[in-house]
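If you want the building blocks of each chain, they are given just below.
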Amino acid sequence: MPIKHLPLRLTLATAMLALASPTLANPAPDDWQSVLAEAEGQTVYWNAWGGDTRTNRYIDWVAKQMQAQYDVEVAHVKLDDTGSAVARVLAEKQADNNDDGSIDLIWINGENFAAMRESDLLFGPFAESLPHFALTNATDNPEVVTDFTLPTEGYESPWGKAQITFYYDSAQTETPPQDMQALLAWAKDNPGQFSYPRIPDFTGSTFLKQALIELTDQEKALYQPVSESDFETVTEPLWAYLDALHPHLWRSGRAFPDSGPNLRTLMSDGELSLAFSFYPTDAAVAVMEYELPESVRSYVLEGGTLGNVHFVAIPYNSPHKAGAMVLANFLLSPEAQAQKQSLAMWGDRSVLDIEQLDAENQALFEQGDRHPSELPADALSNTLPEPHPSWMTALQDAWLERYGVN
């Protein structure tokens, strides 16, 4: 029925309902000017892990820039576990809430990205339409379009790089262990001086994968879905290793730290003399902030360490997709990437191909002399790729069944 034939009261009610309802049409990522215009005045609810003060202060800085430069408000919804946000979007879909979800942007990678793609919970493709995406030079840096062996296909935008980095107190340890067997021997000689975060914490889970890659003789199986391999046979060396290691850990392996930052706190308190982080500059930043002693040094294992790219993605039912895209694009700007990489802010590595930037933007990343607790410039040249995401949850489940401690 044409609206001009409706009674006046019903016509006004329909018009008011239309004004109150969220915009149902998705913004067109390729029409960037319209995306910018639609984003103005929106509030983006960014769900991101909130377990580290450095990450939180960077997101606070981003929020101020977004308000000043784009008239977009950013609300940081701090998560303990990214899986809880994935579950919320799935619950909204099951409740038929397809255009007024509670999450506009989510910090994500690995098994959570795989789960959202499998359930068709993400908006896209959008990432490669962001004006700053070209600065990643994805052709020569395929890790910015690959997540735990899976192609991202434009459904998430790269944000930062992580790689396992060990750190130790050189005042207590002259020669730190360089591989997993040496770590076991070191732990036996230094009981209670090492630990790893309790599973399913992502830093602890990454330690399991690092150990498994080195210990198993079926490494190729890790880059296929776990369902295509004999899980028990592939992981048998890992469990034998952990059975031998645990009695020599902090609190004899009967308890584990909550997270990577908690591991750093135990180093600060002098309870550990060897630890690791997923952020290569973690120890250097902690020394600068007087959290760790100046004698702390960083290193990576001789055979390389596990690394990955972390991303942001937009749920399919976000009511503020334009604002979320503008935020994702700002996160890829040289200004935001340089701030993130600064040791004074967070120290998270850039996903931009810095050598391809113009001189003015390259200068943003200059930080002067390297801090003594930082890795040497070429230390991260041997990065081990992440296994297929299905191994993450399989290892977590098996660890909890075997060692289910709190």
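Please refer to the structure placed before this passage.
All values reported here derive from a predicted model rather than from experimental measurement.

A separate point is the environment of Ala221. Along the chain, Ala221 turns up in the loop between helix 7 (202-215) and helix 8 (231-245). Overall, the relative accessible area of 17% leaves Ala221 in the buried class. Setting aside its immediate chain neighbours within four residues, Ala221 contacts Ser229, Val234 and Trp391.

What follows concerns the packing of helix 6 (residues 180-189) against helix 7. Relative to each other, helix 6 and helix 7 sit at 115°, their axes nearing to 10 Å. Contact residues: helix 6 offers Met180, Gln181 and Leu183, while helix 7 offers Phe207, Gln210, Ala211, Glu214 and Leu215. Residue composition of the contact of helix 6 with helix 7, grouped by class: 5 nonpolar, 2 polar and 1 charged.

Another point: the layout of surface pockets. Of the voids in this model, the largest pocket is the one considered here, and its volume is about 1,200 Å³. For the lining of the largest pocket, the secondary-structure elements that each account for two or more residues are strand 4 (146-147), strand 6 (157-163) and strand 10 (305-313). Here the lining of the largest pocket is built from residues that sort into 18 nonpolar, 18 polar and 12 charged. The volume enclosed by the second largest pocket comes to roughly 730 Å³. Along the wall of the second largest pocket there are 30 residues; nearest its centre are Asp81, Thr82, Pro200, Asp201 and Phe202. At the level of secondary structure, the elements contributing two or more residues to the lining of the second largest pocket comprise helix 4 (82-94), strand 3 (105-108), helix 5 (111-118), helix 7, strand 10 and helix 14 (390-403).

Once that is clear, we can look at the sheet that holds strand 9 (residues 296-299). As summarised here, the arrangement of the 3 strands in space is 8-7-9, forming an open sheet in which the pairing is antiparallel. Sheet topology places strand 8 (274-277) and strand 9 at the edges, where each strand pairs with a single neighbour. Taken over all neighbouring pairs, the strand axes of this sheet differ in orientation by 30° on average, direction set aside. Relative to strand 8, strand 7 (residues 165-169) runs antiparallel, the two sharing 4 bridges.

One pass over the structure, following the stated rule, counts 13 salt bridges. Between Asp282 and Arg54 there is a salt bridge, with the nearest N and O atoms lying 2.2 Å from each other. Here Arg54 lies in helix 3 (residues 53-70) and Asp282 lies in helix 10 (residues 282-288), a separation of 228 residues in the sequence. Across the pair, Arg54 and Asp282 agree in class, each one buried. Asp348 is the salt-bridge partner of Lys340, the closest N and O atoms lying 2.9 Å from each other. Pair check on accessibility: Lys340 and Asp348 agree, each one buried. Several salt bridges share partner residues, and in doing so they unite Asp52, Arg54, Arg264, Asp282 and Glu291 into one network.

On to the packing of aromatic side chains. Going through the model one piece at a time under the given rule, you end up with 25 aromatic pairs. Through pairs of rings, three or more aromatic residues link up here, namely Phe166, Tyr168, Phe194, Tyr196, Phe207, Trp239, Phe256, Phe276, Tyr299, Trp399 and Tyr403. Here Arg117 stacks its cationic end above the ring of Tyr155, 3.8 Å away from the centre of that ring.

Cut-offs and rules
- Residues numbered from 1 in each chain as written.
- Predicted model: local features only at pLDDT ≥ 70, side-chain atom pairs only at ≥ 80, totals over all residues.
- Heavy atoms only, no water.
- Helix = DSSP H or I, 4+ residues; strand = E, 2+ residues; numbered from the N terminus.
- Buried < 20%, exposed > 50% of the residue type's maximum accessible area, 1.4 Å probe, protein only.
- Contact = heavy atoms within 4.5 Å.
- Axes fitted to C-alpha atoms, helices over the stretch in contact; angles between N-to-C directions.
- Nonpolar A, V, L, I, M, F, W, Y, C, P; charged D, E, K, R; others polar.
- 1 Å grid on protein atoms, 1.4 Å probe; cavity = no way out; pocket = protein on both sides within 12 Å on 5 of 7 lines; lining within 4 Å.
- Points joined across faces, edges and corners; volume = space filled by probe spheres on them.
- Pairing = 2+ DSSP bridges.
- Salt bridge = Lys/Arg side-chain N within 4 Å of Asp/Glu carboxyl O.
- Phe/Tyr/Trp six-rings, centres within 6.5 Å; stacked < 30°, edge-to-face > 60°.
- Lys NZ or Arg CZ within 6 Å of the ring centre and 35° of its normal.

Keep in mind these numbers describe shape, not what the thing actually does.
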